[in-house]
Amino acid sequence: MAKTELKPYNVTIRVFDPTKGLESGQDYVLPVDSPDVEHAIASTTANAASFTRKAEGGKALPVAFTCIRVEAH
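## Brief notes about the environment of His39
- Of note, His39 is situated in helix H1 (residues 37-51).
- For the pair His39 and Asn10, spaced 29 residues apart in sequence, the C-alpha to C-alpha distance is 12 Å.

Right, here's the structure in full:
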């Protein structure tokens, strides 16, 4: 099996309330080593989902994620 070369990226993800619009969100810049831009976006979005609060008092909160920017190092 060939080793995949990873490249460093900074991926900016916005976490927001979809009922309030994209501007209601908060941005996070997350570093990731990835084989390509598409994988960098997918893995960073999955990571954002893991650290974002999705419930409060037993009630689901509306939350969405989008990629704002990807910068290669």
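## Section: the environment of Glu5
- Along the chain, the position of Glu5 falls in the segment before strand S1 (7-16).
- In this structure, the C-alpha to C-alpha distance between Glu5 and Cys67, residues 62 residues apart in sequence, is 23 Å.
- Not counting residues up to four positions away in its chain, the partners in contact with Glu5 are Ser34 and Pro35.

## Let's talk about the pairing of S1
- Within S1, eight of the ten residues are buried, which leaves it mostly tucked inside the rest of the structure.
- In this structure, S1 lies alongside strand S2 (residues 26-34), joined through nine bridges in antiparallel fashion. Note on S2: the bridge partner recorded for Tyr9 is Val32.
- Both S1 and strand S5 (residues 64-72) contribute to a ladder of eight bridges, which runs antiparallel. In the sheet register, Phe16 faces S5, and the bridge partner there is Ala64.

## Topic: the side chain of Thr12
- In this structure, Thr12 sits in strand S1.
- Setting aside anything within four residues of it in sequence, one finds Thr12 in contact with Asp27, Tyr28, Val29, Thr66, Cys67, Ile68 and Arg69.

## Observations regarding the nonpolar core
- In terms of nonpolar packing, the biggest core is built from seven residues, these being Tyr9, Val11, Ile13, Val15, Val32, Ala40 and Ala48.
- Put simply, the parts of the chain that give this core at least two residues each are S1 and H1.
- By residue number, the principal contributor to this core is S1, which donates four residues.
- Excluding anything up to four places from it in sequence, Val11 contacts Tyr28, Val29, Leu30, Val32, Ala40, Ile41, Thr44, Cys67, Arg69 and Val70.

## Things to note about the sheet that holds S5
- With respect to topology, three strands assemble into an open sheet ordered S2-S1-S5, the strand pairing being antiparallel. Taken across any chain shown, the strands that pair with only one partner, and hence form the sheet edges, are S2 and S5. Averaged over all pairs of adjacent strands, the angle between their axes in this sheet comes to 25°, without regard to strand direction.
- Together, S1, S2 and S5 form the strand contacts of H1, whose direction differs from that of S1 by roughly 45°.

Each value, and the rule that gives it
- Residues numbered from 1 in each chain as written.
- Predicted model: local features only at pLDDT ≥ 70, side-chain atom pairs only at ≥ 80, totals over all residues.
- Heavy atoms only, no water.
- Helix = DSSP H or I, 4+ residues; strand = E, 2+ residues; numbered from the N terminus.
- Contact = heavy atoms within 4.5 Å.
- Buried < 20%, exposed > 50% of the residue type's maximum accessible area, 1.4 Å probe, protein only.
- Pairing = 2+ DSSP bridges.
- Core = buried A, V, L, I, M, F, W, Y, C linked by side-chain atoms within 4.5 Å.
- Axes fitted to C-alpha atoms, helices over the stretch in contact; angles between N-to-C directions.

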